[in-house]
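# A closer look at the structure
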Amino acid sequence: MMNLFHDRDRRLRSSSWRRVRRAPRADATVPAIFPPAERQALSRRSACAALAMATRTPERTVQRATNGAERLVNEAPAVLASLEAGRISARHARTIIDQLSDVPAAGRTAFLEAVLPAAEQLTDANLRRRARVLRERLHPESITARATRSEADRRAEFEPAADGMAWVHLFTTAPIAQGIIERVEAAAAESRAAGDTRTCAQLQADALAALALTGVTPEDVVSSPVLPHPIEVQEHIKPTVQITVPALSMAGVSDAPATLDGYGPIDPETAARIAVNAPSFTRILVQPETGAVLSVGRGQYRVPADLQRAVRLRDGTCRAPGCGRRARACDLDHSVAWEDGGTTDVGNLACLCRHHHRLKHLPGWDLDHGPGGALDWTTPDGKHHQTEPDPAPF
């Protein structure tokens, strides 16, 4: 993640940020059909999107960075002065701004007056602990009200990792998180006591997977204390999946990886195990020399199912530079609008998330669809950014 205050991002904090700060005044470029507040938000998002493309940085990272920079400049000038004077580090400043973001305006002055002297004396690790305590002590709003509001942000997130692995992050209330950990620790301890040779970390991971997918509980291990192995747990997965499998791998004469939609390459054996239990399963055999899926064209506005599948498979994600939203969650956009003579075919369709689909139609933005699905984006500052479909993964 880009560190807002790191030296390597000094350019983003200075000249580029000044462009973003001017975004609210650029709302004249957004059509007047939108309410004023929405026009300002759209112009700001447009500026952040252009900056993200120019720096090849995730757009959300730019948005967080600009929000943090705005808060540092406008709400914590003393922290900025201390950073520029070298009395605190970039990490110290980031810690203060992170905590300040959740403090209402009425309590920010007192918080900054207390936390900045501490920051100039403590390491960042110690400052994080001190800042949390100060925030709680000086926050004008009760913790009950804040907890109720924060609970609305609970969510689970999926993050691909290397070598066929992935992370699942759960953001929930502290009691639930603690309860989950205690439950998997109890199940892992029972299995360990029964002679299981897996490590504690492996057992806890397998216990959580078993709890989520098979319903195994710590009470169950009383009668059968050994937790199921991940391969056994996978048998309980009943997904609606799309797996692209090379034809030679399906025939058993190649070990080229399959591709799990939303993740990436997985080994053929795992793909086969998942496919067996999938009640709704789309298997796509690709031509091994070219990786071609299909080539279709239609003379109608509505995109038929086979063409939708072809375009989503080709694109994989939203085709805006740096956007990683899955293609299956994106709109199918006519690069040349239907009413302007655009056709409904693979050469004029691209996957755009709702945000970038909307952004494309704002003044100053332009999109050209080239051969092979290459897209050339032009941002309001005249910069060009090209994206191309990912090549076949085998």
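Look up: the structure comes first, before these words.
We now turn to the structure provided with this report. (Residues numbered from 1 in each chain as written. Predicted model: local features only at pLDDT ≥ 70, side-chain atom pairs only at ≥ 80, totals over all residues. Heavy atoms only, no water.)

Okay, the overall build of the protein chain next. For the protein chain, the helix and strand inventory stands at 17 helices and 13 strands. Sorting the 394 residues of the protein chain into buried and exposed places 38% on the buried side. A separation of at least 24 residues holds for 53% of the contacts in the protein chain among residues at least 6 apart in sequence. Surface exposure of the protein chain reaches about 22300 Å², of which carbon and sulfur atoms provide 53%. (Helix = DSSP H or I, 4+ residues; strand = E, 2+ residues; numbered from the N terminus. Buried < 20%, exposed > 50% of the residue type's maximum accessible area, 1.4 Å probe, protein only. Contact = heavy atoms within 4.5 Å. Areas by Shrake-Rupley, 256 points an atom, 1.4 Å probe, with all protein chains shown as cover.)

With that settled, the discussion passes to the nonpolar core. Formed by 24 residues in total, the largest nonpolar core has its most connected members in Val311, Cys318, Ala320, Cys351, Trp365 and Trp377. Of all the elements in the fold, those that place two or more residues in this core are α3 (36–55), α16 (305–315), β10 (349–352) and β12 (375–378). (Core = buried A, V, L, I, M, F, W, Y, C linked by side-chain atoms within 4.5 Å.)

Moving on to unusual backbone geometry. Within the chain, arginine 56 stands out as a residue other than glycine whose phi angle is a positive 50°. Mapped onto the elements of the fold, arginine 56 is located in the loop between α3 and α4 (59–75).

Below, the discussion takes up the pattern of salt bridges. Throughout the structure, instances matching the rule amount to 13 salt bridges. Its salt-bridge partner being aspartate 98, residue arginine 94 comes within 3.1 Å of it at the nearest N-O pair. Here the residue arginine 94 and the residue aspartate 98 both occupy positions in helix α6 (residues 90–100), the gap between them amounting to four residues, near one helical turn. Exposure remark for aspartate 98: the relative accessible area of 39% places this residue in the partly exposed category. (Salt bridge = Lys/Arg side-chain N within 4 Å of Asp/Glu carboxyl O.)

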